[in-house]
Amino acid sequence: QVQLVESGGGLVQPGGSLRLSCAASGSIFSIYTAGWYRQAPGKQRELVAEITSGGSTNYADSVKGRFTISKDNAKNTMYLQMTSLKPEDTAVYYCNANLGGYRPWGQGTQVTVSS
């Protein structure tokens, strides 16, 4: 079973930056499309950014120009570089991939943007 572990979250001031990491227990990023999601209290979980096995990327309109998704296949790790953070970016961030119908959601990492 594939395990995904998110890390890198924390408390940051508006305008600050954070880099989130998603470590996979297997070589999944060279095979599957993967992405970062976030969920704030009382809101639906939303797709923030995704990256295909070939490296093509897509972003939610709310984060375009501020967030960058990337990956290192050799390290089995995916990243989300977040800059110019806003209070509305506050949420629990998750990474995931559709492994043939199985989505190994992890615990997520909390990102709080506040002054």
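From a predicted model like this one, the values you see are computed outputs, not experimental measurements.

Student: For this particular structure, what's the right way to read the pairing of strand β8 (residues 77–82)?
Tutor: Two faces, one strand: in a regular strand the side chains alternate between the faces of the sheet. In terms of burial, β8 is largely enclosed, as five of its six residues are buried. Where strand β3 (residues 18–24) lies against β8, six bridges are found, and the strand directions are antiparallel. By the bridge assignment, C22 is partnered in β8 with M78. In terms of strand pairing, strand β7 (residues 67–72) meets β8 through six bridges, oriented antiparallel. Opposite S70, over in β8, you have Y79 as the bridge partner.

Student: Teacher, can you tell me more about the state of the cysteines here?
Tutor: Here, the word disulfide means a covalent bond between the sulfur atoms of two cysteines. Counting across every chain of the model gives one disulfide. One disulfide in the model links C22 with C95; its S-S distance is 2.0 Å. Taking the torsion about the S-S bond as the criterion, the C22 to C95 disulfide, at about 70°, is right-handed. On the criterion of sequence distance, the pair formed by C22 in strand β3 and C95 in strand β9 (residues 91–97) is long-range, its members being 73 residues apart. For C95, a relative accessible area of 0% translates into the label buried.

Thresholds applied
- Throughout, a residue's number is its position along its own chain's written sequence, starting from 1.
- Note on the predicted model: pLDDT of at least 70 is required for a residue's local features to be given, and 80 or more for side-chain atom pairs to be given and counted; whole-chain, interface and lining totals, by contrast, use all residues.
- In computing side-chain properties, one takes all heavy atoms of the structure into account and sets aside hydrogens as well as water.
- Type-normalised accessible area, obtained with a 1.4 Å probe on protein chains alone, sets the label of each residue: buried when under 20%, exposed when over 50%, and partly exposed for intermediate values.
- In DSSP terms, a helix is any run of H or I states spanning at least four residues, a strand is any run of E spanning at least two, and both are numbered starting from the N terminus.
- DSSP-based pairing: two strands are paired if at least 2 bridges between them are found.
- Working definition: a disulfide is two cysteine sulfur atoms within 2.5 Å of each other.

Note that all results are geometric; they support no functional claim without further evidence.
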